[in-house]
Amino acid sequence: MSKSNAKPDRFRELKLSLQVFFSNKSAVAGLIIFLFYFFDALILQFFPQILPFKHPYQLTPNYANPIPQPPSFKHPFGTTYPGVDLLNAIIKSIRLDFWLSLEIVIPGAIIGLVVGIIATYFGGWIDEVLMRVTDIVFSIPYLVLAIAIGYVLGRTLQSMMIALILVWWPLYARYARSVTLETKELTFIEAARAAGTSNLKIMFKHILPNSLPPVFVQISLDLGTIMLTISALAFIGFLPAANLPELGYLTSLGYNYIQTAPWAMIIPGLFIVLFALAVNLMGDGFRDVIDPRRRSEL
Amino acid sequence: MLLFIPTLLGLTVIVFVLIHIGGTNKLLAMYLSPRLTGAARQQIIAELDQKFHFNDPIYIQYFYWLAQIFQGNWGITNTPIFSGPVTQAIELFFPNTLMLTIFAAILIWLISIPLGVHTAVNRDKPSDNVIRVGSLTFYAMPWYLIGIILIIIFAVWLKILPINGTVNPSLVADLSWYHNGISYPTHILLIDALIHGNLVVAGNAFLHLIMPSVTLALGVMAALVRLMRGTMLETLDQDFVNFARAKGVPEKVVINLHAKNNALLPVITNFGYLVAGLLGGVVVIEDVFSYPGIGMWLTDAMINNDMGGIMGGTLLFGIILVVTSLALDLIYAKIDPRIRY
């Protein structure tokens with residue numbers, strides 16, 4: 001196939017992919033919600049001066065009026081203990097949660113992919129050992145393992161990130177493994193090997209691109225799961241540092257006022273659910289895109 | 001099959017590494033009085049080093065440590081809710097967690113399988129859409145939020161279920177088999193009350209068990225409903241199902257006998273993930289409901305930087321998961337004639 005032919009082909013592929021994705025209405029809704037979170041995170045991270053926040057990276061308590069106030073004109077979402085305006089706090093929290101989720105899932109996926117591909121490509125004892133290691137990491141519930149790693153590293157935001165990366169890569173190693181097992185028997189890999197291509201090049205130029213689409217789907221789904229895990233860890237008190245704008249920590253602030261001020265827990269919680277729901281719907285849409293059966297229907 | 005032995009050993013290696021990676025000073029801190037200084041302190045440190053074999057190479061230390069683990073010496077824990085040997089803490093807290101997870105697992109099994117079958121059979125009908133949206137929403141909810149919403153509805157608004165703990169303290173104030181928050185002989189209040197024939201306490205304990213177990217069930221169930229729906233849809237498309245229909249077998253029998261049993265196989269293989277989900281869930285949910293189980297002890301240990309509790313809990317959960325997945329493999333081999341070990 002010459003280069004000039006390849007281009008329109010790619011273009012048609014892309015067009016078809018977009019068609020499949022946009023024919024799934026709930027996936028589009030998920031994408032729109034995801035984009036809201038994304039722009040919130042983007043603006044607060046890089047252009048915080050646009051928004052009228054004195055302290056964009058921490059909560060601003062108001063000790064003069066610490067009791068949670070119901071939603072009003074001044075505080076559209078109400079306030080939570082100690083006098084934190086929930087709307088502002090949520091806007092700030094989304095930035096932290098969003099980047100933290102990305103910072104966990106992407107290194108996790110990269111480590112998992114590399115381990116999985118190397119293990120499966122070479123096979124034999126390397127495969128045996130690496131897969132046993134993933135089994136062992138899998139055998140501890142990730143919340144518990146994260147707590148144990150948090151004890152070792154000290155409970156900070158940094159160590160939460162490292163702990164969750166260490167917990168998250170085995171899943172991707174398994175994905176990469178199942179894809180590589182199929183791909184490595186295909187003829188084009190044999191041809192590449194016969195042509196004298198190095199192992200490294202075969203692994204990362206020929207096998208890796210084939211395992212990327214399902215991994216992208218998984219990354220999209222995992223963004224939600226990681227957000228849930230972060231918030232659960234923050235809720236049970238993993239982060240001792242107060243004043244951190246984090247959705248799970250925000251919900252835990254309202255815990256003592258559950259009988260008198262239910263909004264203080266429900267509203268931040270709603271934003272966690274919304275994000276997890278959106279990335280799940282979006283991930284289902286991506287799965288349709290890479291599913292050959294769905295493609296042929298259009 | 002026998003691969004579970006290296007997995008278990010690997011698990012102990014991970015826990016050992018996590019314990020020792022912080023250096024020996026951190027480990028000795030709990031045995032040293034901060035007021036002790038100078039030469040006396042050095043001498044105590046030297047004695048403790050000798051006692052705990054800290055002067056040996058690290059891999060030798062591992063075997064000393066493993067021997068102690070096998071002998072049931074899991075170290076000590078010191079948290080506000082319990083201080084003493086880790087094994088004793090496990091003995092006290094684990095029965096409660098077991099009760100909670102079994103209760104939740106029964107709920108999950110009873111509800112999610114019929115729901116999954118129902119949605120697959122009534123594909124794209126309103127009931128399917130409602131159940132799908134519902135299960136997706138629960139799937140996207142943090143566990144603690146499910147618990148909080150249940151508390152707000154059933155305890156704050158309707159006032160029919162208790163918020164936290166295992167029993168109303170005034171009911172157990174002068175019972176002979178209950179003191180210091182511990183019931184005897186099984187440590188599960190509900191079962192102990194039944195053993196002693198105290199139905200009032202048993203009923204109260206049961207009410208306290210409802211919300212945590214429903215929360216746990218709802219959190220884990222969503223994934224299972226989705227999985228069951230997917231495998232059921234695939235099974236309903238297969239030739240043997242069409243053949244059974246063509247033969248004139250009633251649709252009810254086709255669904256409940258032919259299709260459902262085959263669709264259950266992949267669900268059972270994924271039961272290991274379900275157990276993992278349950279064990280992860282109890283950590284958060286027991287904390288929300290102040291339910292005295294392993295999860296609450298673990299979060300308490302985390303907040304107090306108590307190594308014995310954290311590492312004991314990690315090792316315990318790891319062992320439970322490895323053993324469960326082994327048991328599941330055995331069950332799977334039994335019910336699926338294609339698999340032979």
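What counts, and at which threshold
- Residues numbered from 1 in each chain as written.
- Chains lettered and ligands numbered in written order.
- Predicted model: local features only at pLDDT ≥ 70, side-chain atom pairs only at ≥ 80, totals over all residues.
- Heavy atoms only, no water.
- Helix = DSSP H or I, 4+ residues; strand = E, 2+ residues; numbered from the N terminus.
- Buried < 20%, exposed > 50% of the residue type's maximum accessible area, 1.4 Å probe, protein only.
- Domains from an automatic or database assignment.
- Contact = heavy atoms within 4.5 Å.
- Buried area = accessible area lost by both parts, 1.4 Å probe.
- Salt bridge = Lys/Arg side-chain N within 4 Å of Asp/Glu carboxyl O.
- Polar contact = N/O pair within 3.5 Å; in protein donor to acceptor, adjacent residues only side chain to side chain.
- Nonpolar A, V, L, I, M, F, W, Y, C, P; charged D, E, K, R; others polar.
- Patch = residues over 30% accessible without salt bridge, like charges linked within 9 Å, V, L, I, M, F, W, Y side chains within 5 Å.
- Areas by Shrake-Rupley, 256 points an atom, 1.4 Å probe, with all protein chains shown as cover.
- Expected span 1.5 Å × (residues − 1).
- Arc of directions from axis to C-beta.
- Lys, Arg positive; Asp, Glu negative; His and termini not counted.
- Phe/Tyr/Trp six-rings, centres within 6.5 Å; stacked < 30°, edge-to-face > 60°.
- Lys NZ or Arg CZ within 6 Å of the ring centre and 35° of its normal.

Draft legend 1. Layout of unusual backbone geometry. Residues and elements named next belong to chain B. Look at Ser290: it is not a glycine, yet its phi comes out positive at around 45 degrees. Residue placement: Ser290 occurs in the loop between α12 (271-288) and α13 (294-303). With phi around 50 degrees, Asn305 is a residue other than glycine that occupies positive phi space. For Asn305, the position within the fold is in the loop between α13 and α14 (307-335). The partly exposed category is assigned to Asn305, whose relative accessible area is 44%.

Draft legend 2. Region of the structure containing the domain arrangement of chain B. One can read the domain layout of chain B as domain 1 (4-77) and domain 2 (93-305). Its C-alpha centre places domain 1 of chain B at a distance of 39 Å from the equivalent point of domain 2 of chain B.

Draft legend 3. Geometry of the interface of chain A and chain B. In this complex, chain A contributes 43 residues to the contact, which on the side of chain B involves 46 residues. Across the chain A to chain B interface the summed buried area is about 3,900 Å²; carbon plus sulfur atoms make up 76%. At the junction of chain A with chain B, the criterion picks out 0 salt bridges. Viewed at the interface, chain B and chain A are joined by 5 residue pairs in polar contact (both at pLDDT 80 or more). Those elements that provide at least two residues to the side of chain A that touches chain B are α4 (124-138), α5 (142-153), α8 (199-235), α9 (247-253) and α10 (263-290) of chain A. A per-element tally of the side of chain A that touches chain B places α10 of chain A first, with 11 residues. Residue classes in the side of chain A that touches chain B are distributed as 29 nonpolar, 8 polar and 6 charged.

Draft legend 4. Examining α13 of chain B more closely. Among the 10 residues of α13 of chain B, 9 are classified as buried, and the element is accordingly described as predominantly covered. Among all positions of α13 of chain B, only Ile294, Gly295, Met296, Trp297, Leu298, Thr299, Asp300, Ala301 and Met302 of chain B are buried. Those residues of α13 of chain B that are buried lie in contact with α5 of chain A together with β1 (76-78), α5 (86-121), α12 and α14 of chain B. One or two steps after α13 of chain B, the chain reaches Asn305 of chain B, where phi turns positive at roughly 50 degrees.

Draft legend 5. Structural context of a nonpolar patch on the surface. Residues and elements named next belong to chain A. A contiguous nonpolar patch, built from Leu35, Phe39, Ile43, Phe46, Phe47 and Ile50 and spanning about 580 Å² of accessible area, is present on the exposed surface. Mapped onto the elements of the fold, Phe39 is located in helix α2 (residues 25-46). The class of Phe39 is partly exposed, set by a relative accessible area of 43%.

Draft legend 6. Broad picture of helix α6 (residues 126-139) of chain B. Counted at 1.5 Å a residue, the expected span for α6 of chain B with its 14 residues is 20 Å, and the 20 Å between its end C-alpha atoms agrees. Every buried residue of α6 of chain B is accounted for by Asp128, Ile131, Ser135 and Leu136 of chain B. Seen end-on, α6 of chain B carries its buried residues on one side only, within an arc spanning 130 degrees. Those residues of α6 of chain B that are exposed and angled more than 90 degrees off the buried face are Pro126, Val130 and Val133 of chain B. Here the buried face of α6 of chain B lies against α10 of chain A together with α5 and α9 (199-236) of chain B.

Draft legend 7. Highlighting the environment of Glu246 of chain A. All names here are of chain A. Residue placement: Glu246 occurs in the loop between α8 and α9. The class of Glu246 is buried, set by a relative accessible area of 0%. Each C-alpha atom, one on Glu246 and one on Ile91, is 9.8 Å from the other, the two residues being 155 residues apart in sequence. Here Glu246 is in contact with Ser93, Leu96, Asp97, Ile230, Ser231 and Ala234, once residues within four sequence places are set aside. Of the polar contacts made by the side chain of Glu246, one reaches the backbone nitrogen of Tyr249; its length is 2.9 Å.

Draft legend 8. Layout of the side chain of Asp97 of chain A. Residues and elements named next belong to chain A. By the element assignment, Asp97 lies in helix α3 (residues 86-122). No salt bridge is formed by the buried Asp97. Its closest oppositely charged neighbour is Arg95, at 9.6 Å. Sequence-distant contacts of Asp97, defined by excluding residues within four places in its chain, comprise Met227, Ile230, Glu246 and Leu247.

Draft legend 9. Local environment of the packing of aromatic side chains. Applying the stated criterion across every chain yields a total of 22 aromatic pairs over all chains. Ring geometry for Phe38 of chain A versus Phe98 of chain A: centroids 5.8 Å apart, planes at 55 degrees, classification tilted. In this pair, Phe38 of chain A sits in helix α2 while Phe98 of chain A sits in helix α3, placing the two residues 60 residues apart along the sequence. By relative accessible area, which is 25% here, Phe38 of chain A ends up partly exposed. Measuring from centroid to centroid gives 5.7 Å for Phe103 of chain B and Phe206 of chain B, while their planes differ by 75 degrees, and the two rings are edge-to-face. Within this pair, whereas Phe103 of chain B is found in helix α5, its partner Phe206 of chain B is found in helix α9, the two being separated by 103 residues in sequence. Given a relative accessible area of 22%, Phe103 of chain B falls into the partly exposed group. Ring pairing ties together the aromatic residues Phe34, Tyr37, Phe38, Phe39, Phe46, Phe98, Trp99 and Phe275 of chain A, which thus form one cluster. In this arrangement the basic side chain of Arg226 of chain B is found over the ring face of Tyr139 of chain B, its NZ or CZ atom lying 4.9 Å from the centre.

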